[in-house]
Amino acid sequence: MNKILAQHWDIFKTSARNNLVREFFYRANFIAMTMVDFVWALVEALFFHVIYSNTAALNGWTRDQGFFFLGLFLASDAIFSIFFQRNFWYFPGAINSGDLDSVLIKPANPIFLLLTRSMGFTQVTNLILGIFILSRYGTSAGFPGGWHWLAVVLWIFVGALIQVLVRMFFVLTSFWIERGYTVSSLYYSFFQMGARPDLFYPTAIRYTLKSALPFAFIASVPAQFLVGIGRRGDLLLLGASIIGYFFLTRWMWRKGLRRYQSASS
Amino acid sequence: MVRIPFFLGWRLSTLRNGIQDSLAYRWDFFLRLFGSALVPAIVQFTLWYSAFKLGSAETLGGNTYAELVAYTATSMLFSQLRTGDQDFTIDDMIRTGTFSAALLRPVRPLEFIYLRSMGEKLSVMILASLIAITASIFTSMHFSHFLQGLGIAILGNIIHFQIGCAVVTLAFYWEQSYAAIMTKNIIVSLLSGEMIPLHFFPENLTWLWKGLPFYLYIYGPTQIALGRWTGGDVTHQLWIALAWIAGLGLLVRMLWSYSIRRYQALGG
Amino acid sequence: MGTANFSTPMTYSIEASHIGRDFRSTKKKPGFKGILSLLFHPEIVVKQAVTDVSFQIREGEFVGLIGSNGAGKTTLLKVLSGLIPPTTGTATVLQETPFDRSLKFRKNIALVMGQKAQLWWDLPAVEAFDLLRAIYQTDPVVHRARLDELATLLGVTSLMQTQIRRLSLGERMKMEIIGAILHRPKLLFLDEPTIGLDILAARRLRAFLKEHNKSEGTTIILTSHNMDDISELCKRILVLKEGRLLFDGAPSVLIAENECQLRVQFSTAIDPGAVKENLDELVFGIDKDPDQQETLLFTLDRKQLASAIQRLMSSFTVLDFSIQEASLDRAMTKIYKGEA
């Protein structure tokens, strides 16, 4: 077991280094895409600024808490984007073009290989920006700071994990649906809902975002826990979402692989 | 039968071709419409819901709950008009070199690409008009106001295409302009009024949207359709839109005539 | 053929017994109706790609797998490399069931597909290989030495720092081969490795593969449409036709040694029947040249060549003629066409 872990850590490290090398080959593109991601973060921030210039609080969620949420969202999404985003874009293509074949005969976990192939470091700026926003608005949002920063790190990774699992579900449908691109854009439409605090939503949508489409766990619920207004029940929902999506995607992967294998000649 | 002159003929058949194309993929068309129109509207709607129903705001940005819901619903009618990936298409053509082939055809390449994409836009317009007719029966919206808004939105769509054409010339120098187009689109999503009504902007930031033509895509048409801008306002917006089109037309012509020379000199 | 493993001649790398493989696909009708019927009563089409194929391959053999497009070569390769299970029959590869894809199995095989790049295009080769080192957990020092050795053998040492996308097709294929054998697989599947390569590059690659098979005793299964690959490399070929194994043996058996082909261009188009009367007992067969109306192709015994030419020249106006030796290429064309 240890040997396998060491192997996969080695693969991850090598792939990360390789991707850095690649970014340096395309420096102009790297800078340009960093700009895109940064502008996106700015637009999100501007959105919150505009909204809160019209009202002091939205459903009890103050301006500073709104920004605290945004900081957490940016940081968590940056982690997801750096390590996984591109791999999910390539995933449907890998299934349809037979790239999957070369992965399946390698002596390592195929999903791990598919998810660590391509990394994009352009979002590092957004990670930094997110953490900056967190520290700037933390105190006024009610975040105690100190060792609680460890909890921030933990929540950032939980948020990224949720994104990986849900995105995985969407991408695995490409075993059955050929138009993987349309499914991906559908994911991003839903994902938009996670870009706002779940307190903004009517109850039904709120519970959807904590169960079937658990985007509230990317940053919204974590932000509530960090400022001390989290509810224990949400932790249960979080656990259920992670376990549920884990087994669902595992089942889909196996089913899909079998289908892939019965259809190919 | 009347013989159609060539300068008109290719344009008509391109348009027809584009319409046929969009009909062939109507399943995709509806799925995309769902993703790109309905979900953002839900996100926006919930924002009003949280402010008024969950919180206890009386007004937000000077608007009542009903007014904001009307804004969100109406803006959906126009938000789909401004979408269009023509700039990505041209970028791709330049990068892969297929643009050279387009240059050899006896048609104007940019216009060709625009007209082809109009096929889908026409379907959107018809759909939006049907919804607007229905709405004018059941709500206080006037269909004539909607038509005026639609007029401005069509001009806005032309502006959108022109700006895309201008930005994409970067591809002649940088191999591709993907990042620039993306940046533009992100900015547009906020400054066109797709995310929130633009009068929400605090006083010291209004220059941001007033100084750019993006508000003519969604915010302006929506205000007109809702009857908040009428008569003289509409004429005023019409002149502004035409001025942008004229200016951008010149700019695009200049940028292209300059950079296309570079493209051909490099051998495509 | 491998010399190292001759002490244990009974170890087989591959044992295939009565392998059959179907594949099913759902037929989609156009439009929305098509989507609905796909959901509720999908029409499933079953096709047989491979039927009842049996053979054994010893360790260290270099075997060619040939057949026309759609004959079932790639399917068979996929079954043997464990990508898909056979529908009927059993395959034992390296003493294991390939479809289990055990860790040990995966460490000992490699698959190169000429039409699909496996290495990462945006990276210099040396970086792409480093990822393979991590995947196969090769000791870094061993990896380095092995890479140097292979790069020297294939003459690509100076290209190691170049992005793979900037390499020529031939150089890229060499890199793919290096990537496949870096971890010293016991069994190597090569699917069309010389496709698209120029004559010189293909020849160099063949020389390398031949040497590699000899020196390391790697079992190699090669599919190719290029008969030069097969005749130069493989002492044994498996010929597939419509999913069935048609021939298993040395390629030389297929080539009728004393047979040859005479290509004659006449001044006018001539009916084959008219010529046949003239030559009757001398030739086995007469065909029209598909490309040239006035030209006929005669298949005949080499010993009858002189008298056949003499007779033709005396009765017809012959503009030109040429003689082609028997080749695997022609033997295969005959098999594909269903003449053998």
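Residues numbered from 1 in each chain as written. Chains lettered and ligands numbered in written order. Predicted model: local features only at pLDDT ≥ 70, side-chain atom pairs only at ≥ 80, totals over all residues. Heavy atoms only, no water.

### Looking at the overall build of chain B
Step number 1: Helix and strand content of chain B: 12 helices and zero strands.
Step number 2: Secondary structure of chain B in N-to-C order comes out as α-α-α-α-α-α-α-α-α-α-α-α.
Step number 3: Against the globule reference of 18 Å for 268 residues, chain B gives a C-alpha radius of gyration of 20 Å, in line with a compact fold.
Step number 4: Summarising its shape, the C-alpha atoms of chain B cover approximately 65 × 50 × 40 Å along the three principal directions.
Step number 5: Across the 268 residues of chain B, 49% fall into the buried class. (Helix = DSSP H or I, 4+ residues; strand = E, 2+ residues; numbered from the N terminus. Rg over C-alpha atoms; globule rule 2.2 N^0.38 Å. Buried < 20%, exposed > 50% of the residue type's maximum accessible area, 1.4 Å probe, protein only.)

### With respect to the pairing of strand β10 (residues 259-266) of chain C
Residue and element names in this part refer to chain C.
Step number 1: Most of β10 is tucked away, with seven of its eight residues classed as buried.
Step number 2: Pairing analysis gives seven bridges linking β10 to strand β12 (residues 295-301), with the strands arranged antiparallel. Residue pairing for β12: Cys260 is matched across the bridge by Leu300.
Step number 3: Two elements, β10 and strand β13 (residues 318-325), share seven bridges in a ladder whose sense is antiparallel. Following the sheet pairing, Gln261 is matched in β13 by Gln324. (Pairing = 2+ DSSP bridges.)

### Points about the sheet that holds strand β6 (residues 187-191) of chain C
Hydrogen bonding along the main chain pairs the strands of a sheet, whether they run parallel or antiparallel.
Residues and elements named next belong to chain C.
Step number 1: Spatially, six strands are ordered β5-β6-β7-β3-β8-β9 in an open sheet, and the strand pairing comes out mixed. In this open sheet, the two edge strands, each paired with only one partner strand, are β5 (109-113) and β9 (244-249). Averaged over all adjacent pairs, the angle separating strand axes in this sheet is 15°, with direction ignored.
Step number 2: Bridge count between β5 and β6: five bridges; the pairing is parallel. Counted as the bridge partner of Leu111 is Phe189 from β6.
Step number 3: Docked against the sheet, helix α12 (residues 328-337) engages β3 (62-66), β8 (236-241) and β9, running at close to 25° with respect to β8. (Axes fitted to C-alpha atoms, helices over the stretch in contact; angles between N-to-C directions. Contact = heavy atoms within 4.5 Å.)

### Description of the side chain of A:Asn18
Step number 1: Summarising the element assignment, A:Asn18 is placed in helix α1 (residues 2-25).
Step number 2: In contact with A:Asn18, not counting residues within four places along its chain, are C:Trp120, C:Leu123, C:Glu127 and C:Leu131.

### Focus: helix α2 (residues 73-80) of chain C
All names here are of chain C.
Step number 1: Burial analysis of α2 places seven of its eight residues in the buried class, the great majority of the element.
Step number 2: Every buried residue of α2 is accounted for by Lys73, Thr75, Leu76, Leu77, Lys78, Val79 and Leu80.
Step number 3: Within two residues after α2, Gly82 carries a phi angle of roughly 85°, on the positive side.

### Concerning the sheet that holds β13(C)
Residues and elements named next belong to chain C.
Step number 1: Taken in spatial order, the four strands of this open sheet run β11-β12-β10-β13, and their pairing is antiparallel. The open sheet is flanked by β11 (283-288) and β13, the only strands paired with a single partner. Neighbour to neighbour, the strand axes of the sheet diverge by 20° on average, direction disregarded.
Step number 2: Pairing between β11 and β12: five bridges, direction antiparallel. Within β12, the residue paired with Gly285 across the bridge is Thr299.
Step number 3: Its contacts with the sheet put α12 on β10, β12 and β13, and the angle it makes with β10 is roughly 85°.

### Notes on unusual backbone geometry
Residue and element names in this part refer to chain C.
Step number 1: Phi at Gln137 is positive, roughly 50°, even though this residue is not glycine.
Step number 2: Assignment of secondary structure puts Gln137 in the loop between α4 (125-136) and α5 (140-154).
Step number 3: In this structure, Arg184 takes a positive phi of about 50° despite not being glycine.
Step number 4: Within the element layout of this structure, Arg184 appears in the loop between α6 (169-181) and β6.
Step number 5: The partly exposed category is assigned to Arg184, whose relative accessible area is 46%.

### Things to note about a nonpolar patch on the surface
Residue and element names in this part refer to chain B.
Step number 1: The grouping of Ile126, Leu130, Ile133, Ile137 and Phe138 at the surface amounts to a nonpolar patch, some 570 Å² of accessible area in total.
Step number 2: Position of Phe138 relative to the elements: it lies in helix α6 (residues 109-138).
Step number 3: Judged by relative accessible area, Phe138 falls into the exposed class, the value being 68%. (Patch = residues over 30% accessible without salt bridge, like charges linked within 9 Å, V, L, I, M, F, W, Y side chains within 5 Å. Areas by Shrake-Rupley, 256 points an atom, 1.4 Å probe, with all protein chains shown as cover. Salt bridge = Lys/Arg side-chain N within 4 Å of Asp/Glu carboxyl O.)

### Some points on the interface of chain A and chain C
Step number 1: Counting residues at the interface gives 32 residues for chain A and 38 residues for chain C.
Step number 2: Summed over both sides, the interface between chain A and chain C buries roughly 3,100 Å², with carbon and sulfur atoms accounting for 58% of that surface.
Step number 3: Along the contact surface separating chain A from chain C lie three salt bridges.
Step number 4: Note that C:Lys78 is salt-bridged to A:Asp101, the shortest N-O span being 3.7 Å.
Step number 5: In this structure, the connection of chain A to chain C is made through nine residue pairs in polar contact (both at pLDDT 80 or more).
Step number 6: Counting residues per element, the side of chain A that touches chain C draws most heavily on α1(A), which supplies 11 residues.
Step number 7: Taken together, the residues that form the side of chain A that touches chain C break down as 11 nonpolar, 13 polar and eight charged. (Buried area = accessible area lost by both parts, 1.4 Å probe. Polar contact = N/O pair within 3.5 Å; in protein donor to acceptor, adjacent residues only side chain to side chain. Nonpolar A, V, L, I, M, F, W, Y, C, P; charged D, E, K, R; others polar.)

### Regarding the confidence of the model for chain C
Step number 1: Confidence in the prediction for chain C averages 84 pLDDT; 91% of positions are at 70 or higher.
Step number 2: Under a pLDDT of 50 for its full length, residues 1-7 of chain C has, in the predicted model, nine contacts with residues more than four places off or in other chains. (pLDDT = per-residue confidence, 0-100.)

### What to know about the packing of helix α3 (residues 63-97) of chain A against helix α7 (residues 148-172) of chain A
All names here are of chain A.
Step number 1: Between α3 and α7, whose axes approach to 8 Å, the crossing angle comes to 25°. As the angle between them shows, α3 and α7 are arranged roughly parallel. The two elements α3 and α7 meet at a crossing, and its hand is right-handed. Contacts from Leu72, Ala75, Ser76, Asp77, Ile79, Phe80, Phe84, Phe88, Trp89, Phe91 and Pro92 of α3 reach α7 at Val152, Ile156, Phe157, Gly159, Ala160, Gln163, Val164, Arg167, Met168, Val171 and Leu172.
Step number 2: For the contact of α3 with α7, a count of residues per class yields 17 nonpolar, three polar and two charged. (Parallel < 35°, antiparallel > 145°, perpendicular 65-115°, else oblique. Left-handed = near helix turned anticlockwise from the far one by under 90°.)

### A few points about the packing of helix α7 (residues 143-168) of chain B against helix α9 (residues 178-191) of chain B
Residue and element names in this part refer to chain B.
Step number 1: Remark: α7 packs on α9, axes separated minimally by 9 Å, with the N-to-C direction vectors making an angle of 150°. Taken as a pair, α7 and α9 cross one another with a handedness that is right-handed. The segment α7 lies against α9, with His160, Ile163, Gly164, Val167 and Val168 engaging Ala180, Ile181, Lys184 and Asn185.
Step number 2: A per-class count over the contact of α7 with α9 returns five nonpolar, three polar and one charged.

### Some points on the packing of aromatic side chains
Residues and elements named next belong to chain A.
Step number 1: Within the structure shown, the criterion is met by 44 aromatic pairs over all chains.
Step number 2: Their ring planes at 15° and their centres at 5.8 Å tell us that Trp9 and Phe12 sit as a pair that is stacked. Taken as a pair, Trp9 and Phe12 lie in helix α1 at a separation of three residues, close to a single helical turn.
Step number 3: Accessibility expressed as a relative area gives 23% for Phe12, which makes it partly exposed.
Step number 4: Seen from the ring of Trp89, Arg167 lies directly overhead, with NZ or CZ sitting 5.6 Å from the centre.
Step number 5: The ring centre of Tyr207 lies 5.5 Å from the NZ or CZ of Lys210, which sits over that ring. (Phe/Tyr/Trp six-rings, centres within 6.5 Å; stacked < 30°, edge-to-face > 60°. Lys NZ or Arg CZ within 6 Å of the ring centre and 35° of its normal.)

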